[in-house]
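Results of the structural survey
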Amino acid sequence: MPTPATARPKFSPRPPRSAEERLPLLYRALTDQIDDGHFQNAKKTCRKILALDPASTPTFQALLFLLLDTDDYAASLELVTAPPAGQTGGLEFERAYCLYRLKREGEALEVLSKVAGERRARVLEAQIRYRLGEYERAQEIYEDLLSSVESSSAEYDDIQTNLSATAAHLAFLAHDHTAHLSAPARASVGTSAAGASELKPYTPTEAELESYVPGLPSGWGSRGVTKAAVGEPHKAVKKDKPEGADGGRKTRHRLPKGASADRPFSGDPERWMPLRQRATYIAAQSKKKGAKESMGTGFTQGSTASGGGGGGGGGGNKNKKGKTK
């Protein structure tokens, strides 16, 4: 039994590190995680830093950027709606953007009304108006933004692209959609030089649109098959087939290599025998080894020559090579 002097001391846990010691390590880890693209771990590190230092504005901005970059708009909206205690400042635009990405356009417009004077807020409002189908209002905003930006900037090209898309929708709603209506042509009297009536395409009025709705194409329910093809059974066309001996189709037989149908063919009589038992193969092997042509004729695996040494004893080992004494 150990004496009190040599007894093992009791375990005492190490005291936790202070915030001043942990923050430099967390900032270094956050930098490495963002540089290496480990965004999920970086978000966890940002929350640890904000728990120790809620007034860290760079960490709050980094966390918001990470949430938006990973398309986590619900968490982004929760963060900007209830930011940490140390974060003060207007976050209306960020909140409106999160609502816009979550397809809550009405709430986003209400939030943007608080920051209507900012340029980025006007760009976001134009995008919301375009999504809601308010193309005229979106076109007005884009034209105003385009007039106050230089043509050499990258923003000019983006606004010009959005403005072209808005104008195309307005043109379709105004008059282009009438080109797809199947209104019949009407006769106009006295339009030609001879005074005869001519047929001209007719554009229906707004009250007549219901009467000229284009119908569905024929056969749309049969995967592109027309109605006539669906109603009538398919009739196969019989082709003239060459008649053979039995009156049916002539059967073609495959001929051996080197054979022709117009001359008799005499095959090798040993073509059905195994390769090692053919005379040509035995002759070639005999010449190769320097043996007689008749040796091994007709032999199979495991057979012995007649007249040789009998039995399976040691009598056949007389000519076996060994060490010379």
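Rules used in this analysis
- Residues numbered from 1 in each chain as written.
- Predicted model: local features only at pLDDT ≥ 70, side-chain atom pairs only at ≥ 80, totals over all residues.
- Heavy atoms only, no water.
- Helix = DSSP H or I, 4+ residues; strand = E, 2+ residues; numbered from the N terminus.
- Contact = heavy atoms within 4.5 Å.
- Areas by Shrake-Rupley, 256 points an atom, 1.4 Å probe, with all protein chains shown as cover.
- Expected span 1.5 Å × (residues − 1).
- Buried < 20%, exposed > 50% of the residue type's maximum accessible area, 1.4 Å probe, protein only.
- Polar contact = N/O pair within 3.5 Å; in protein donor to acceptor, adjacent residues only side chain to side chain.
- Salt bridge = Lys/Arg side-chain N within 4 Å of Asp/Glu carboxyl O.

1. Remarks on the overall build of the protein
Scanning the protein from terminus to terminus reveals 11 helices and two strands. Put simply, the protein runs from its N terminus to its C terminus through helices and strands in the order α-α-α-α-α-α-α-α-α-β-β-α-α. Contacts in the protein between residues at least 24 apart in sequence constitute 35% of all its contacts with a sequence separation of at least 6. Carbon and sulfur atoms form 53% of the exposed surface of the protein, whose accessible area is close to 25700 Å².

2. Re helix 3 (residues 57-69)
In this model helix 3 runs 18 Å from its N-terminal to its C-terminal C-alpha over 13 residues, within 8% of the 18 Å that 1.5 Å per residue would give. Here helix 3 has its buried residues at Thr-59, Phe-60, Ala-62, Leu-63, Leu-64, Leu-66 and Leu-67. Taken together, the buried residues of helix 3 touch helix 1 (19-36), helix 2 (39-52), helix 4 (73-81) and helix 5 (92-101). Positive backbone phi, approximately 60 degrees, marks Asp-71, located one or two places after helix 3.

3. So, the side chain of Gln-33
Along the chain, Gln-33 turns up in helix 1. Polar side-chain contacts of Gln-33 include one of 2.8 Å to the side chain of Thr-45. Apart from the residues lying within four places of it in its own chain, the contact partners of Gln-33 are His-38, Asn-41, Ala-42 and Thr-45.

4. Some words on the pattern of salt bridges
All told, the structure shown has 10 salt bridges when counted by the stated rule. A salt bridge links Arg-104 to Glu-107; the shortest N-O distance between them is 2.7 Å. The exposure class assigned to Arg-104 is partly exposed, which follows from its relative accessible area of 35%. Note that Arg-122 and Asp-144 form a salt bridge whose closest N and O atoms lie 2.8 Å from each other. Of this pair, Arg-122 sits in helix 7 (residues 119-131) while Asp-144 sits in helix 8 (residues 135-147); the two residues are 22 residues apart in sequence, bridging distant segments of the chain. By relative accessible area, which is 25% here, Arg-122 ends up partly exposed. A residue is classified by how much of its surface remains accessible, and Asp-144, at 35% relative accessible area, is partly exposed. Taken together, the shared-partner salt bridges in this structure form one network comprising Glu-125, Arg-129, Glu-134, Arg-137 and Glu-140.

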